Amino acid sequence: MKKFLVCYFPLLALCMLHAGEAFSQSLHAIVFADTNDPSIGSGDKQDFVNMTMEMSTIASATGLHLEKYFYSGSNCSKSNLMGVLDRLQTSSGDVVMFYYSGHGTRSVQDESDYPQMCLGSHYDNEFVPLEYVLRRLEDMPARLKIVFGDCCNSVAPGVTSKEQASKGFTVLSKSPVNAYTNLFMNYKGTIIASGSQKGENSVTLNYNDGSPAGGAFTIFFLRSLQFVVSNGMDADWDIVLSNAREATKNAVKHTPVYSVDVETTVDRHEGHAPENAATPDDTDGLQAPIDLLTAIGNDKYDIDLRIEVMERTLPVVFASPDVKVESVGRNGTTVVSTERAKDFMLRLCTLRNLVNLVEVDFKRDSNGKYTYLKVHEIYKDYE
Amino acid sequence: MFRHWDSAFVNGLDGSKRVVVYKLNPLADSVASGKGRSIVGFSVVGRAQSLTVEQLAVLRFILGNEKSYVYDAPVVKTLFAPYFAIEVNGEDGDMYLLLAFNTSELAFAKEGKIVKKVAWGCKDLLVQFGLELFPGDEYLSSITMY
């Protein structure tokens, strides 16, 4: 009996330890299903039932603690998905399982093999790439991450690639470069524009989740410009501004006014590959800190030189190696990565194709050193 | 029975004073309530030249041919995103034919709403037709890649 007890208790302790380990680990079950859609909603609802049931079964079988993030009907939305990803807290032993059932699509420009999820919306700016979810999860400390999307992957017109936003970069490929070059290098003269005409007010707008989108005219002007640019269109300033005016007028009932008094230049500029013009030479101490950082990311220079400049520059530019640096997407707010200054600068040393770093926001101490920095990264992909 | 709508549209093609082809940006978002110029809720971003006599004949042929349609197509998990809208002015007023290449569907629309949507099985013909109207169109050219 005593021998049995001697053997039994260690074994019992081992079992309890193992059970304790399983219970300290979680299965984060994230399910989004567009159950309201008139054509596929009923099928999506069955998917929702089947998958939530399966995830509960998996948790029961494995002893993993089930954390549920189930969104269907009108709750299947981009804002809720972003909210889940922003709030998700995982431990290293956890499993994260993401599942989506609904409409999907892709852009002509998308390079990812995986689609964009429509998440119950009919509007391009509400679509989220499936691969974006994986990228966000990859930054989290969980042991196993699974991402499933049951949706179409066909190319639809007017779908923009979100891959720049998902990677936090602007990528300047040939089409946008040519379009920007045409508009900004091949015209001379004057343009003036205002968001409303005499006697009218101009308004600011919010996104559906209540966050500020900006001035209406600015929004529609940038959209008109970026539509031309991202599609590599051979448009002129009249087209850009007339589209912006019509969109603004129809949306918010005030009418922009503009006057385009330009002519094309005699010498036509053609687009060429953008270049990182920053240099790591700051012997006169006059270079702006952001330009020094851009220079470290310039792959024209030997990596050893970039590292040397990095080591020399880190204590000059940042108040400490642990200063928080955020990289954001094109909208200036979507945070794609958060790093310590030291890690950020190390990453800069090995970058390729970086054209520019945009200083979006910052805080500085009394010595002018960054205590916080938010940047947007611009790359080239010019064939 | 949808075959009423294709006949009505073909009759409209024949009798219309004007046949206009518009290019759409069907997934354009709206920050506020307005959507800009639109056809049945889909934003208009361009317009082709008037159809030639030959192009009208091609369209009539495609729409009038039963083999153009697929009767038992499954429901697809992507949004109906028409790229073209063809407007005719018939005796009964304006009618629109919306062509979606991502779902391989066409829809007939009247008085601001879609009255019938049906799958089509003549993708190559319609892509070719579209490229004649908008030569070098990036989206149409990309469809042939898949």
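See the structure printed just above.
As a starting point, this report considers the structure included with it.

Scoring rules and cut-offs
- Residues numbered from 1 in each chain as written.
- Chains lettered and ligands numbered in written order.
- Predicted model: local features only at pLDDT ≥ 70, side-chain atom pairs only at ≥ 80, totals over all residues.
- Heavy atoms only, no water.
- Contact = heavy atoms within 4.5 Å.
- Buried area = accessible area lost by both parts, 1.4 Å probe.
- Salt bridge = Lys/Arg side-chain N within 4 Å of Asp/Glu carboxyl O.
- Polar contact = N/O pair within 3.5 Å; in protein donor to acceptor, adjacent residues only side chain to side chain.
- Helix = DSSP H or I, 4+ residues; strand = E, 2+ residues; numbered from the N terminus.
- Nonpolar A, V, L, I, M, F, W, Y, C, P; charged D, E, K, R; others polar.
- Buried < 20%, exposed > 50% of the residue type's maximum accessible area, 1.4 Å probe, protein only.
- Pairing = 2+ DSSP bridges.
- Axes fitted to C-alpha atoms, helices over the stretch in contact; angles between N-to-C directions.
- Parallel < 35°, antiparallel > 145°, perpendicular 65-115°, else oblique.
- Left-handed = near helix turned anticlockwise from the far one by under 90°.

### Some details on the interface of chain B and chain A
Each partner contributes to the interface: chain B provides 26 residues, whereas chain A provides 38 residues. Here chain B meets chain A over a buried area of about 2500 Å², counting both sides, of which 61% is carbon and sulfur. One can count 3 salt bridges joining chain B with chain A. Put simply, chain B and chain A have 10 residue pairs in polar contact (both at pLDDT 80 or more) between them. At 3 residues, helix H4 (residues 138-143) of chain B tops the list of elements feeding residues into the side of chain B that touches chain A. For the side of chain B that touches chain A, the per-class residue count stands at 13 nonpolar, 8 polar and 5 charged.

### Here's the deal with the pairing of strand E7 (residues 105-110) of chain B
Residue and element names in this part refer to chain B. Within E7, 6 of the 6 residues are buried, which leaves it mostly tucked inside the rest of the structure. Here E7 shows a buried face lined by Glu 105, Ala 107 and Ala 109 and a second buried face lined by Leu 106, Phe 108 and Lys 110. Across 6 bridges, strand E6 (residues 93-100) lies against E7 in antiparallel orientation. Among the inter-strand pairings, Leu 99 is bridged to a residue of E7, identified as Leu 106. The loop that links E6 with its antiparallel partner E7 comprises 4 residues; one of these, Ser 104, has a positive phi angle of about 55 degrees. In the sheet, E7 pairs with strand E8 (residues 113-120) via 6 bridges, with the strands oriented antiparallel. By the bridge assignment, Ala 109 is partnered in E8 with Ile 114. Turn length for the E7-E8 hairpin, with the two strands adjacent in sequence and antiparallel, is 2 residues, and the turn residue Glu 111 shows positive phi of about 55 degrees.

### Some words on the sheet that holds strand E3 (residues 95-101) of chain A
Residues and elements named next belong to chain A. Pairing in this open sheet of 4 strands is parallel, and the strands run E2-E1-E3-E7 from one edge to the other. Of all the strands in the sheet, the pair left with one neighbour each is strand E2 (65-72) and strand E7 (144-150). The mean inter-strand angle of the sheet, taken between neighbouring strand axes irrespective of direction, is 10 degrees. Contacts from helix H4 (residues 130-138) reach E3 and E7 within the one sheet, and its direction differs from that of E7 by about 170 degrees.

### Things to note about the pattern of salt bridges
What the rule picks out here adds up to 18 salt bridges over all chains. A salt bridge links Glu 131 of chain A to Arg 135 of chain A, with the shortest nitrogen-to-oxygen separation between them at 2.4 Å. One end of the pair, Glu 131 of chain A, and the other, Arg 135 of chain A, are both in helix H4, 4 residues apart, so they sit about a helical turn from each other. The class of Glu 131 of chain A is partly exposed, set by a relative accessible area of 22%. Judged by its relative accessible area of 33%, Arg 135 of chain A falls in the partly exposed class. Linking Lys 77 of chain B and Asp 150 of chain A is a salt bridge whose minimum nitrogen-to-oxygen distance equals 3.6 Å. Of this pair, Lys 77 of chain B sits in the loop between strand E4 (69-70) and strand E5 (84-90) while Asp 150 of chain A is found in strand E7, placing the two residues in two different chains.

### Some thoughts on the packing of helix H3 (residues 78-87) of chain A against H4 of chain A
For any two helices packed against each other, one specifies the inter-axial angle together with the distance between the axes. Residues and elements named next belong to chain A. It is the contact of H3 with H4, at a shortest axis distance of 10 Å, that shows an interaxial angle of 15 degrees. Our classification of the angle between H3 and H4 gives roughly parallel. The handedness of the crossing between H3 and H4 comes out as right-handed. Each of Leu 81, Met 82, Leu 85 and Asp 86 in H3 lies in contact with H4, whose residues at this interface are Tyr 132, Val 133, Arg 136 and Leu 137. Within the contact of H3 with H4, the residues separate by chemical class into 6 nonpolar, no polar and 2 charged.

Read these as layout, nothing more, since geometry by itself doesn't imply function.
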